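Examination of the molecular architecture
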Amino acid sequence: MDVKDLIENIAKSIVDKPELVSVTGVEGENSVVIELKVDKDDIGRVIGKNGRTINAMRTILSATRAQKEKRQVLEVLD
Amino acid sequence: MEWIEEEGKTRSEALEKALSKIGLPEEKVEVEVIQENKKKFGIIGTRRVKIKVSYDPRDRVVVIAKENLEEILHKMDLTCVVEEAERNGSLCLNIISPQSALIIGKRGETIDALQYLMSRIVSKKMSQKVNVIVDTENYREKHVDKIEKLARKTADEVRSTGRAAFLAPMNSRDRRIVHLTLQDDKDVNTLSKGEGPRRKIKISPRAGGEVEE
């Protein structure tokens, strides 16, 4: 399973410009940083009020099997 | 009813295009041919059929919601089936899975995250606010029971000790359950205190309650 796919799928469904959504994984020793890049006008949409949307995505990420192998950290790039 | 118009060389081609756009099966729509240009003079001229496809937008909500939730759960590597039902006028998606504990998460945080994201996704695709309930193994109902029991138990403690007690921080939905459960209780008052995720309920003896006895 690829958690990048999961995050990309969710992000594309909630932004105005899905074609500008990209997700990259940066593998570290103990963790994987998943970097979510969206159009500047969509940043607010993926973060949500008080970070509610991005935190919901983090919660879902933490329920995946990948989390058991290595810590998955989700960040929004701006 | 909402409708879209579509064109094609044949009726079925136009219909296929329309159905893929709205994501509904043929049996959920009504089709009306509004214009048909038959070939004139044998083979000269192109044949165009224009149709109007009408549908119930609620059917679209169900299809979009189910498809998106199934896709997310599938990408989370979970084995599951999603069933739809109506609950309190909202669409409820019930997940049937041997891994329901994982889907609920600790204190229901995973299922709440799924529910929040599903409402966001469906609202985005329908261009209007749509609330979607995501449930598994009757978790929502059991959870309400649990909060009600906790509220009553704590109220009893407050009654017997005469001292105020705090409940653990809860989200607004859960706090509402506590307030409603204890609103008719003559001995205690409920009050929310704190900000954001730390907001919690204080259950205190109703002023004068003790003195009157």
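Here's what I pulled together on the structure shown here.

Thresholds, definitions, all that
Residues numbered from 1 in each chain as written. Chains lettered and ligands numbered in written order. Predicted model: local features only at pLDDT ≥ 70, side-chain atom pairs only at ≥ 80, totals over all residues. Heavy atoms only, no water. Contact = heavy atoms within 4.5 Å. Buried area = accessible area lost by both parts, 1.4 Å probe. Salt bridge = Lys/Arg side-chain N within 4 Å of Asp/Glu carboxyl O. Polar contact = N/O pair within 3.5 Å; in protein donor to acceptor, adjacent residues only side chain to side chain. Helix = DSSP H or I, 4+ residues; strand = E, 2+ residues; numbered from the N terminus. Nonpolar A, V, L, I, M, F, W, Y, C, P; charged D, E, K, R; others polar. Axes fitted to C-alpha atoms, helices over the stretch in contact; angles between N-to-C directions. Parallel < 35°, antiparallel > 145°, perpendicular 65-115°, else oblique. Left-handed = near helix turned anticlockwise from the far one by under 90°. 1 Å grid on protein atoms, 1.4 Å probe; cavity = no way out; pocket = protein on both sides within 12 Å on 5 of 7 lines; lining within 4 Å. Points joined across faces, edges and corners; volume = space filled by probe spheres on them. Core = buried A, V, L, I, M, F, W, Y, C linked by side-chain atoms within 4.5 Å. Buried < 20%, exposed > 50% of the residue type's maximum accessible area, 1.4 Å probe, protein only.

**A closer look at the interface of chain A and chain B**
Across the boundary between the two partners, chain A contributes 19 residues, which contact 17 residues of chain B. Around 1,800 Å² of area is buried between chain A and chain B when both sides are counted, 64% of it from carbon and sulfur atoms. A salt bridge links D16 of chain A to K124 of chain B; the nearest nitrogen and oxygen atoms lie 2.2 Å apart. Here chain A is connected to chain B by five residue pairs in polar contact (both at pLDDT 80 or more). Of all the secondary-structure elements, those providing two or more residues to the side of chain A that touches chain B are α1 (3-14) and α3 (52-62) of chain A. Of the residues belonging to the side of chain A that touches chain B, the class tally is nine nonpolar, five polar and five charged.

**A few points about the packing of α3 of chain A against helix α4 (residues 109-126) of chain B**
Between two packed helices, what matters for the description is the angle formed by their axes and the separation of those axes. Where α3 of chain A meets α4 of chain B, the closest approach of the two axes is 9 Å, and the angle between their N-to-C directions is 130 degrees. Between α3 of chain A and α4 of chain B, the crossing angle belongs to the class labelled oblique. Crossing of α3 of chain A over α4 of chain B shows left-handed handedness. When α3 of chain A is examined against α4 of chain B, the residues R52, T53, A56, M57, T59 and I60 of chain A are found in contact with a partner set consisting of E109, T110, A113, L114, Y116, L117 and R120 of chain B. Class assignment for the residues of the contact of α3 of chain A with α4 of chain B results in seven nonpolar, three polar and three charged.

**A closer look at the layout of surface pockets**
Estimates place the volume of the largest pocket at around 2,200 Å³. Taken together, 50 residues form the lining of the largest pocket, with R52 of chain A together with D112, N171, S172 and R173 of chain B sitting closest to its centre. At the level of secondary structure, the elements contributing two or more residues to the lining of the largest pocket comprise α2 (43-47) and α3 of chain A together with α4, β6 (132-136), α5 (139-161) and α6 (172-182) of chain B. With nine residues, α5 of chain B is the single largest residue contributor to the lining of the largest pocket. The residue inventory of the lining of the largest pocket, partitioned by class, reads 15 nonpolar, 17 polar and 18 charged. Roughly 310 Å³ of volume is contained in the second largest pocket. What lines the second largest pocket is a set of 14 residues, among which R58, V61, G89, S90 and L91 of chain B lie closest to the centre. No other element matches helix α2 (residues 57-75) of chain B, which puts four residues into the lining of the second largest pocket. In the lining of the second largest pocket, the residues fall into seven nonpolar, four polar and three charged.

**Details of the nonpolar core**
In this structure, L36 and M57 of chain A together with L69, M76, L114, M118 and V122 of chain B are the most contacted members of the largest nonpolar core, which totals 50 residues. Ranked by the residues each element gives to this core, the list is headed by α4 of chain B, at nine residues. When residues no more than four places from it in sequence are discounted, the contact partners of M57 of chain A are I7, I10, I14, L36, V46 and L74 of chain A together with L117 of chain B. In this structure, I147, A155, V178 and V188 of chain B belong to the second largest nonpolar core, which totals 13 residues.

**Section: the pattern of salt bridges**
Counting across every chain of the model gives 20 salt bridges over all chains. Between D112 of chain B and R140 of chain B there is a salt bridge, and its shortest N-O distance comes to 2.7 Å. Within this pair, whereas D112 of chain B is found in helix α4, its partner R140 of chain B is found in helix α5, the two being separated by 28 residues in sequence. In this structure, R159 of chain B engages D185 of chain B in a salt bridge whose closest nitrogen and oxygen atoms are separated by 2.9 Å. Remark: D185 of chain B occurs in the loop between α6 and β8 (188-193) and R159 of chain B occurs in helix α5; sequence separation between them is 26 residues. In this structure R159 of chain B comes out as partly exposed when scored by relative accessible area, which is 33%. Since its relative accessible area comes to 14%, D185 of chain B is described here as buried. Residues participating in the shared-partner salt-bridge network are D16, D42 and R45 of chain A together with K124 of chain B.

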